[in-house]
Amino acid sequence: MLTVDFDRLAVGPGVKAIDIGAGQGRHSYEMLRRGAEVIAFDQNEKDMADVAEMFGALAAAGEVPESGVARTEVGDALALPYDDESFDVVLMSEILEHIPDDEAAIAEMVRILKPGGSAAVTVPRYWPERVCWALSDEYHEVEGGHVRIYRESELADKLAAAGLEITGSGHAHALHAPYWWLKCAVGVDNDRNPLVRGYHKMLVWDMMSKPWVTRAGEQLLNPLVGKSVAIYLRKPAGLAESA
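Computed from a prediction, not measured in an experiment: that's the story for all the values here. The numbering scheme is per chain: residues are counted from 1 as the chain's sequence reads. At least 70 in pLDDT is required for a residue's local features to be given in this predicted model, at least 80 for side-chain atom pairs to be given and counted, and no such filter applies to totals for whole chains, interfaces and linings, which use all residues. Side-chain calculation: all heavy atoms of the structure are included, whereas hydrogens and water are not.

(A) Focus on the nonpolar core. Within the largest apolar cluster, 30 residues are counted, with the highest numbers of intra-cluster contacts made by I18, I20, V90, L96, M109 and L159. In this text, helices come from DSSP runs of H or I with a minimum length of four residues, and strands from runs of E with a minimum of two, each type numbered from the N-terminal end. Elements with a minimum of two residues in this core: β1 (16–20), β2 (37–42), β4 (87–93), α4 (102–112), β5 (113–124), α6 (152–161) and β7 (228–234). Residue contributions to this core peak at five residues, all from α4. A contact between two residues is defined here by any heavy atoms of the two lying within 4.5 Å. Those residues in contact with L96, other than ones at most four positions away along the chain, are D102, A105, I106, V121, V123, R148, Y150 and L155. Put simply, a nonpolar core is a bunch of buried Ala, Val, Leu, Ile, Met, Phe, Trp, Tyr and Cys residues held in one set by side-chain atoms that sit within 4.5 Å of each other. Relative accessibility thresholds used throughout: buried, under 20% of the residue-type maximum; exposed, over 50%; partly exposed, between the two (1.4 Å probe, protein chains only).

(B) Structural view of the side chain of T214. On the secondary structure map, T214 appears in helix α9 (residues 212–225). In the analysis that follows, any N or O atom pair within 3.5 Å is treated as a polar contact, provided that within protein one partner can donate a hydrogen and the other can accept it, and provided that, for residues neighboring in sequence, both atoms belong to side chains. Only 3.2 Å separates the side chain of T214 from the backbone oxygen of P211, close enough to count as a polar contact. Setting aside residues up to four positions removed in sequence, T214 forms contacts with L175, W205 and D206.

(C) Seen up close, the packing of aromatic side chains. Centre distance within 6.5 Å is the pairing criterion for rings of Phe, Tyr and Trp, where only the six-membered ring of Trp is used; planes under 30 degrees apart are then read as stacked, over 60 as edge-to-face, and the remainder as tilted. Per the counting criterion, the structure on display carries seven aromatic pairs. Summarising the aromatic geometry, the rings of Y179 and W180 are spaced 5.6 Å apart at their centres and angled 75° between planes, so their arrangement reads as edge-to-face. According to the relative accessible area criterion, Y179 is buried, its value standing at 9%. With a relative accessible area of 29%, W180 lands in the partly exposed category. Where Y179 meets Y199, the ring centres are 6.2 Å apart and the plane angle is 35°; that geometry is what we call tilted. In this pair, Y179 sits in helix α7 (residues 176–186) while Y199 sits in helix α8 (residues 194–209), placing the two residues 20 residues apart along the sequence. Across this residue pair, the class does not change: Y179 and Y199 are buried. Clustering of aromatic rings is evident, with ring pairs tying together Y139, Y179, W180 and Y199. Here K16 stacks its cationic end above the ring of F87, 5.1 Å away from the centre of that ring. Charge-over-ring placement is defined geometrically: NZ (Lys) or CZ (Arg) within 6 Å of the ring centre, and within 35 degrees of the ring normal. Above the face of the Y126 ring, R151 is positioned so that its terminal group lies 3.9 Å from the ring centre.

(D) Here's a closer look at the packing of α7 against α8. Whenever a helix is involved, its axis is fitted only over the stretch in contact; in every case the axis is a line through C-alpha atoms, and angles between N-to-C directions fall within 0 to 180 degrees. One can describe the packing of α7 onto α8 by two numbers: an axis separation of 10 Å at closest approach and a directional angle of 160°. Here α7 lies roughly antiparallel to α8, going by the angle between them. The hand of the α7/α8 crossing is left-handed. Side by side, α7 and α8 meet where H176, P178, Y179, L182, K183 and V186 of the first sit next to L195, V196, Y199, H200 and L203 of the second. Across the contact of α7 with α8, the residue classes tally to eight nonpolar, two polar and one charged. Should an angle fall under 35 degrees it is taken as roughly parallel, and over 145 as roughly antiparallel, whereas 65 to 115 is taken as roughly perpendicular and any remaining angle as oblique. Each crossing is labelled by how the near helix is turned from the far one, with a counterclockwise turn of less than a right angle marking it left-handed and a clockwise turn marking it right-handed. Classes in brief: Ala, Val, Leu, Ile, Met, Phe, Trp, Tyr, Cys and Pro nonpolar; Asp, Glu, Lys and Arg charged; the others, Gly included, polar.

(E) How the structure looks around α9. The span you would expect from a helix comes to 1.5 Å times its residue count less one. Over its 14 residues, α9 extends 19 Å from the first C-alpha to the last, a length consistent with the 20 Å expected when each residue adds 1.5 Å. We define the bend at any residue as the angle between the axes fitted to the seven residues before and including it, ending there, and the seven starting there. Along its length, α9 shows its largest kink, about 30°, at Q219, and proline P223 lies within four residues downstream of that point. What α9 keeps buried is the set T214, E218 and N222. Buried residues belonging to α9 abut β6 (165–172), α7 and α8.

(F) Region of interest: the UniProt feature "domain: Methyltransferase type" (unreviewed entry) in the protein chain. UniProt positions are given in the numbering used here, feature names are shortened, and annotations may be inferred rather than shown by experiment. Look at the UniProt record and you will see "domain: Methyltransferase type" (unreviewed entry) annotated at residues 18–120. When the span residues 18–120 is considered, its composition is 34% helix and 29% strand, and the gap between its end C-alpha atoms is 11 Å.

(G) Region of the structure containing the sheet that holds β1. In this scheme, strands are said to pair when DSSP sees at least two bridges between them. Across the sheet, which stays open at both edges, the seven strands sit in the order β3-β2-β1-β4-β5-β7-β6 with mixed pairing between neighbours. Two strands in the sheet have a free side with no partner beyond their single neighbour: β3 (69–74) and β6. Recorded for the sheet is a direction-independent mean angle of 15° between the axes of neighbouring strands. Pairing analysis gives six bridges linking β4 to β5, with the strands arranged parallel. Residue F87 lies in a different strand from β5, and its bridge partner there is L113.

(H) Region of the structure containing the pairing of β3. Pairing of β2 with β3, which is carried by six bridges, proceeds in the parallel orientation. Its bridge partner lying in β3, I39 is registered against R71. Handedness rule for crossovers: strands pointing away from the viewer, path from the first strand over the helix to the second running clockwise, crossover right-handed. In this fold, the crossover linking β2 to β3 by way of helix α3 (residues 45–60) has right-handed handedness.

Right under this line is the structure:
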């Protein structure tokens, strides 16, 4: 389940990329399959151990081009252990809404991105997320939970203020918004609810089978109810000199 359109980022052989806040690695796996040199970066050691194991499984299954190389690293998004201008592509997907000092995290992302390089930032979309917060405090008031809801314009302004050029945006996961509304309505840990179980079963079927009817339907619905918003960016070639 990808939130980012990697064609927009031109991810492929010869590209050095980092997935900051990689979590379970879904975007890191896609970049590796495209032949990039990938670092999956996250503060969760267990997640990174699982991702490293999956990197090996993908290679063993012949799903990785010869140019593809990947590793995991554990650390803090506010103090990235990389030199300035180290990466061609930087990804931060569904992470900024968890970080109190989001501007510091954005500054670190900009610092390690090469001039002329591309980035993508995704967060939960404002109004579907607002519905979740209205239905359930439990949804966001947990350790490591969401600390804010972004309007797309607010996030775009922060990214532009950090020196990045916005090259486009998009929405994703329209089918997932109603699922989370259901979860929030009946209790986020109430997985036995028949409506939640039925909807989850449909989502799993959709992800595994990718039938054209749900794929086409979600594409039509994404601009209206897509749960996530993705903003695509470029670091101007002259930013390093001006900084």
